[in-house]
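# Summary of the model geometry
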Amino acid sequence: MTELNNSQQVCVVVGASHAGSLLAVQLRKEGWAGRIILIGAEAHFPYHRPPLSKTVLAGDKSIAEIALRPHNLYTESAVELRLGQRVESLNLQEKAVVLASGELVVYDKLALCTGARVRKLGLGEGLRGVHYLRTADDVTAIRAELIPAKKAVIIGGGYIGLETAAVLTQLGLQVTVLEAAERLLQRVTSVALSEYFQHLHAIHRVKIVTRAHVTRIDGDDSVKAVICADGSEYPADIVIVGIGVIPETRLAEAAGLEVVNGIMVDEYARTSAPDVFAAGDCTWHPNAFYGYHLRLESVQNALDQSRVAAANIAGKQLVYDALPWFWSDQYGIKLLSAGLLSGYDDSLVRGDRLNADAKGFSVFYFKDRKMIAADCVNRAKEFIACKRLITERLDLNMQALADDASAPDTFALA
Ligand SMILES: Cc1cc2nc3c(=O)[nH]c(=O)nc-3n(C[C@H](O)[C@H](O)[C@H](O)COP(=O)(O)OP(=O)(O)OC[C@H]3O[C@@H](n4cnc5c(N)ncnc54)[C@H](O)[C@@H]3O)c2cc1C
């Protein structure tokens, strides 16, 4: 560990989840000798968020079992944890953050890792049984109301909605997914994958309704039904809304930082203000591989970007150039997605998509004869091979890609 000349300095990290928690401990590894204060609004020790719609919702794991890192690691790294405390505003002139209590915490370097918050539907507010799923407390509240044989309506057919549907149907609830778009996962993936997931959920008795525009959620104290624009009505004992997230940029915006669809950062994770960095779901950042700015909602991005921010806060010049990747678990099936498919001009399905058993299948996406993205269902080796094909822009052996019997190490032309 190199000792830097920052022993009198303070780094304040706002947001104690995937990005903030890693940034804090990584900063110490980078040789930061001063104080590190990690402030998080949630009262729980930093935890893995993805299991909330998977093993935790299913009741297979508790919140305590999904801690991001052992509690003593923060003490060992001399990271001062301030949980259950919300930062209300930033004072960039005084270099301080202001807590809800009015306390000022001064910084020399500041990292904003404020993530995202759920997009609200604006219907059924205050009705018992209407939920969103973002935090540990959300999933605890949902689980308290899960009784088998009840009717669940999920509003939103994105990954979180579908993972939730998979868990609830397996717990014995009657599940309907209402999706406003023409197909499931329309915002994030191809028709081939949408059809696969539609088929998979149908096999598990989940009713999927697309082009469903929810206009009302009815009930007295508790929710009773979800009503769509065409008059169709779906009885519900519990409703879970999963219609996306909004980057949590309120602190940054109020302080006058540049915000687009997220807090604007450069490839070094620096915001538009001196000594202020940002990482994770809250950022609008350049992607070296695709050549444009984007916002990602993924653990991969939160971790890779916070590593870059930590290094640069400690005085290095590290550039963020990671390939985006993502996973989803539904019914014991693992989807691994590498890259972003936007702008693809050709695609190829390898394996039998609609009769996929444990053997799985993959969908490859190409642009100008190079692979730009891949969705691999139960095919981890192909996912790893594709990440390399994409990042190194390798020439492709199309015959090997198309032939399901060929090994992933033959995908690139020799
Ligand atoms: C149910 C669910 C399932 C998911 N599944 C997957 C998956 O399978 N794969 C995948 O890659 N990604 C998945 N994701 C997305 C992934 O969890 C996020 O990309 C990741 O959590 C982003 O981490 P982050 O630290 O940037 O932000 P967040 O996890 O959103 O954390 C931000 C933290 O900042 C805190 N905060 C915000 N404002 C303040 C403030 N003013 N003061 C103090 N604290 C503040 C918040 O309370 C929060 O704890 C899932 C997300 C959810 C909700």
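Residues numbered from 1 in each chain as written. Predicted model: local features only at pLDDT ≥ 70, side-chain atom pairs only at ≥ 80, totals over all residues. Heavy atoms only, no water.

## Quick notes on the overall build of the protein chain
For the protein chain, the count of helices and strands is 10 helices and 27 strands. The C-alpha radius of gyration computed for the protein chain amounts to 22 Å, which stays within 12% of the reference 22 Å derived for 414 residues, consistent with globular compactness. When the backbone C-alpha atoms are referred to their principal axes, the protein chain occupies close to 65 × 60 × 35 Å. The burial tally for the protein chain puts 53% of its 414 residues in the buried class. (Helix = DSSP H or I, 4+ residues; strand = E, 2+ residues; numbered from the N terminus. Rg over C-alpha atoms; globule rule 2.2 N^0.38 Å. Buried < 20%, exposed > 50% of the residue type's maximum accessible area, 1.4 Å probe, protein only.)

## Description of the environment of tryptophan 325
Examined against the element boundaries, tryptophan 325 turns out to sit in strand S23 (residues 325-330). Tryptophan 325 sits in the partly exposed class, given a relative accessible area of 27%. Placed 29 residues apart in sequence, tryptophan 325 and leucine 296 show a C-alpha to C-alpha distance of 9.6 Å. Setting aside chain neighbours within four positions, we find tryptophan 325 in contact with Ser298, Gln300, Leu336, Ser337, Ala338, Phe383 and Lys387. (Contact = heavy atoms within 4.5 Å.)

## Looking at the packing of helix H1 (residues 18-29) against helix H8 (residues 299-313)
At a closest axis distance of 8 Å, the pairing of H1 and H8 adopts a crossing angle of 35°. Every pair of crossing elements has a handedness; the one defined by H1 and H8 is right-handed. Contacts between H1 and H8 involve His18, Ala19, Leu22, Leu23, Gln26 and Leu27 from the former and Val299, Ala302, Leu303, Ser306, Arg307, Ala309, Ala310 and Ile313 from the latter. (Axes fitted to C-alpha atoms, helices over the stretch in contact; angles between N-to-C directions. Left-handed = near helix turned anticlockwise from the far one by under 90°.)

## Description of the site of the ligand
Taken together, 33 residues form the shell around the ligand, and within it Ser17, Glu42, Arg49, Lys54 and Arg134 come nearest. Valine 87 places a main-chain nitrogen or oxygen 2.9 Å from a nitrogen atom of the ligand. Elements that contribute at least two residues to the shell around the ligand include exactly H1, strand S2 (35-40), H8 and S23. Its residues assigned to classes, the shell around the ligand comprises 15 nonpolar, 10 polar and 8 charged. Two domains share the shell around the ligand, each providing at least three of its residues, namely domain 1 (10-117 + 246-313) and domain 2 (120-243). (Near = heavy atom within 4 Å. Polar contact = N/O pair within 3.5 Å; in protein donor to acceptor, adjacent residues only side chain to side chain. Nonpolar A, V, L, I, M, F, W, Y, C, P; charged D, E, K, R; others polar. Domains from an automatic or database assignment.)

## Let's talk about the sheet that holds strand S6 (residues 104-106)
On the basis of which strands lie adjacent, the open sheet formed by 3 strands has the order S4-S5-S6 and antiparallel pairing. Strands with a single pairing partner mark the edges of an open sheet, and in this sheet they are strand S4 (87-91) and S6. Mean inter-strand twist for the sheet, computed between neighbouring axes without regard to direction, equals 25°. Sheet analysis places S4 next to strand S5 (residues 96-99), joined by 4 bridges and oriented antiparallel. Its bridge partner lying in S5, asparagine 91 is registered against alanine 96. (Pairing = 2+ DSSP bridges.)

## Here's the deal with the domain arrangement of the protein chain
Each domain of the protein chain was delimited in the assignment, giving domain 1 (10-117 + 246-313), domain 2 (120-243) and domain 3 (332-410). For domain 2 and domain 3, the distance between their C-alpha centres works out to 30 Å. Counting from both sides, the interface comprises 12 residues of domain 2 and, opposite them, 13 residues of domain 3. Carbon and sulfur atoms make up 67% of the area that domain 2 and domain 3 hide from each other, which totals about 940 Å². (Buried area = accessible area lost by both parts, 1.4 Å probe.)

## Regarding the sheet that holds strand S24 (residues 333-339)
The sheet built from 5 strands is open, its strands ordered S23-S24-S27-S26-S25 with antiparallel pairing. The open sheet has two edge strands with one neighbour each: S23 and strand S25 (346-350). Averaged over all pairs of adjacent strands, the angle between their axes in this sheet comes to 15°, without regard to strand direction. Judged from the 5 bridges that link them, S25 and strand S26 (residues 361-367) form a sheet pairing that is antiparallel. Bridged to arginine 350 within S26 is serine 362.

## Observations concerning the state of the cysteines
Within this structure, the stated rule accounts for 0 disulfides. Of the cysteine sulfurs around cysteine 11, a residue in no disulfide, the closest is that of cysteine 113, at 8.8 Å. (Disulfide = S-S within 2.5 Å.)

## A few points about the pattern of salt bridges
Applying the stated rule across the entire model yields 25 salt bridges. Between lysine 316 and glutamate 30 there is a salt bridge whose closest N-O contact spans 2.4 Å. Remark: glutamate 30 occurs in the loop between H1 and S2 and lysine 316 occurs in the loop between H8 and S23; sequence separation between them is 286 residues. The class of glutamate 30 is buried, set by a relative accessible area of 11%. Salt-bridge contacts for lysine 109 lead to aspartate 275; the nearest nitrogen and oxygen are separated by 2.8 Å. Of the two residues, lysine 109 is situated in strand S7 (residues 109-112) and aspartate 275 in the loop between strand S19 (262-264) and strand S20 (276-278); the sequence distance between them amounts to 166 residues. Since its relative accessible area comes to 19%, lysine 109 is described here as buried. (Salt bridge = Lys/Arg side-chain N within 4 Å of Asp/Glu carboxyl O.)

## Here we look at the nonpolar core
Note on soluble globular proteins: their nonpolar side chains tend to be buried together. Residues Leu168, Phe197, Phe364, Met371 and Leu401 are the most contacted members of the largest nonpolar core, which totals 94 residues. When neighbours within four sequence positions are excluded, methionine 371 is seen to be in contact with Phe364, Tyr365, Phe366, Cys386, Leu389, Ile390, Leu396 and Leu401. (Core = buried A, V, L, I, M, F, W, Y, C linked by side-chain atoms within 4.5 Å.)

## With respect to the packing of aromatic side chains
All chains considered together, the criterion is met by 11 aromatic pairs. Taking 6.1 Å as the distance between ring centres and 40° as the angle between the ring planes, the aromatic pair formed by tryptophan 325 and tryptophan 327 counts as tilted. A connected cluster of aromatic rings, assembled from ring pairs, spans Tyr159, Tyr196, Phe197, Phe326 and Phe361. Between lysine 120 and the ring centre of tyrosine 132, over which it is positioned, the NZ or CZ distance is 4.7 Å. (Phe/Tyr/Trp six-rings, centres within 6.5 Å; stacked < 30°, edge-to-face > 60°. Lys NZ or Arg CZ within 6 Å of the ring centre and 35° of its normal.)

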